[in-house]
Amino acid sequence: MASPVDSRPLSKEAIQALLQTNTFGRTLHVLQETASTNGDAMALAQQGAEDGTVVVAERQTAGKGRLGRRWYSPPGDNLYCSVILRRMPTPAELPRWLSVVPLMAAVAVARAVQAVTGLRPSLKWPNDILIGDRKLGGLLCESSVAGPARTFVVVGIGLNVNTGRESFPEEIREIATSLAAEAGRPFDRAPLLAALLSELEAHADALLTRPPETFLSGYARLCSTLGRRVRVRLADGETIEGQADSLAPDGSLRIIRDQAQGGGLLEVRVGDIIHLR
Ligand code: BTN
C-alpha cells in the first residue's frame, strides 16, 4: 500500500500549521526513531516539560503496549505519540481523575478518527480502539504521582494508519487493522494528529470542570464491550468468564460472572478482555 501520501513524513512545521489547540502540541518533538515516545515523554515530564507537550515518532524500536506487551511500530506508516498532562484536579479528586483519564483519552481518539475518516470505531474496555473486531489502536497511560507540582500523566497513543493488512506480523495479522485497510485509501498523518490533539485537549479541559460521570456515559456509548460475553484475564493471572455489565464510577468494568464460576458481580480494574461470540 505505497503511495506518495502514505509515505509523507511527519514534520513539526506541517503538524503545527494544522493545530487548532491552545496548548497541546505547541511544544512538539518529532523524532525519526526512538525506543518509546512514552519513555521520552516520561523523561521530559520528569524534567518539568509543560502541559500539552507532545512527542511523536516515525518509528519506535521498543514501543510499549498494555500489560507489558510490545507495540508494533514500523517506520513511516502510523502514529505513535505521547502527550504530557500536567493539569491536575484537587488532591481529593486525583485518584478518580487518574482512573478516568485513559477512558476519556480513548473517547477523544475515537472521535478524532471518526471526524477525519468517517469510520466509526468502537472501544474495547479499557482503551482499545476497534473497527469491527479488529484492533486499530491502543492507549497506554503512565503516571507519576509525587506532590502537586510533580504529578503528571503521559497519554501514549498508537494508531495504525497506513499499514497494509498483509504487512502486520503474522501473530497479529488476523486481529489488527489500519485506517487504510478499512477505508481502502491511505491517510495523511499530520491532519489526523492535529485532530487527535484538538479532541484530546477539549476532553482533558472538560474533565477538569465536569464530573467524571459525564465521560463515563460518553465512553459507554462507544464501548463495544458492555453487554457482551467476555473472557477476562485478571492481573493475578486468573481467568474468568461472564457478561460485561456496566462501568463503576472509577471506570472499572463490572462483570456478572457465569453461574458455573460461582456467579456474582466482579469489578475489574486491570485486565485483558476477550470479546466472546
Ligand atoms: C495497547 O497495548 O493497546 C497500548 C498501545 C500503546 C502504544 C503507544 S505508541 C505511542 C506510545 N509509546 C509507547 O511506547 N506506547 C504508546
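Everything below is about the structure printed above this text.
Because the structure is a prediction, the values reported are computed rather than measured.

Draft legend 1. Expanded view of the nonpolar core. Within the largest apolar cluster, 65 residues are counted, with the highest numbers of intra-cluster contacts made by W125 and Y219. For this core, the element with the highest residue contribution is helix α3 (residues 94-117), accounting for 14 residues.

Draft legend 2. Representation of the packing of aromatic side chains. For the structure shown, the criterion picks out one aromatic pair. Ring geometry for Y72 against F168: centres 5.8 Å apart, planes inclined by 50°, an arrangement best described as tilted. Note that Y72 is positioned in the loop between β2 (54-57) and β3 (79-85) and F168 in the loop between β7 (152-159) and α4 (170-173), a separation of 96 residues in sequence. The partly exposed category is assigned to Y72, whose relative accessible area is 26%.

Draft legend 3. Just the pairing of β3, in detail. In terms of burial, β3 is a largely internal element, seven of the seven residues being buried. Burial along β3 is two-sided: L79, C81, V83 and L85 facing one way and Y80, S82 and I84 facing the other are all buried. Relative to β3, β2 runs antiparallel, the two being bridged by four bridges. Counterpart to V55 in the pairing with β3 is S82. Across seven bridges, the pairing between β3 and β7 is antiparallel. Along β7, the bridge assignment pairs L79 with L159.

Each value, and the rule that gives it
- Residues numbered from 1 in each chain as written.
- Predicted model: local features only at pLDDT ≥ 70, side-chain atom pairs only at ≥ 80, totals over all residues.
- Heavy atoms only, no water.
- Core = buried A, V, L, I, M, F, W, Y, C linked by side-chain atoms within 4.5 Å.
- Buried < 20%, exposed > 50% of the residue type's maximum accessible area, 1.4 Å probe, protein only.
- Helix = DSSP H or I, 4+ residues; strand = E, 2+ residues; numbered from the N terminus.
- Phe/Tyr/Trp six-rings, centres within 6.5 Å; stacked < 30°, edge-to-face > 60°.
- Pairing = 2+ DSSP bridges.

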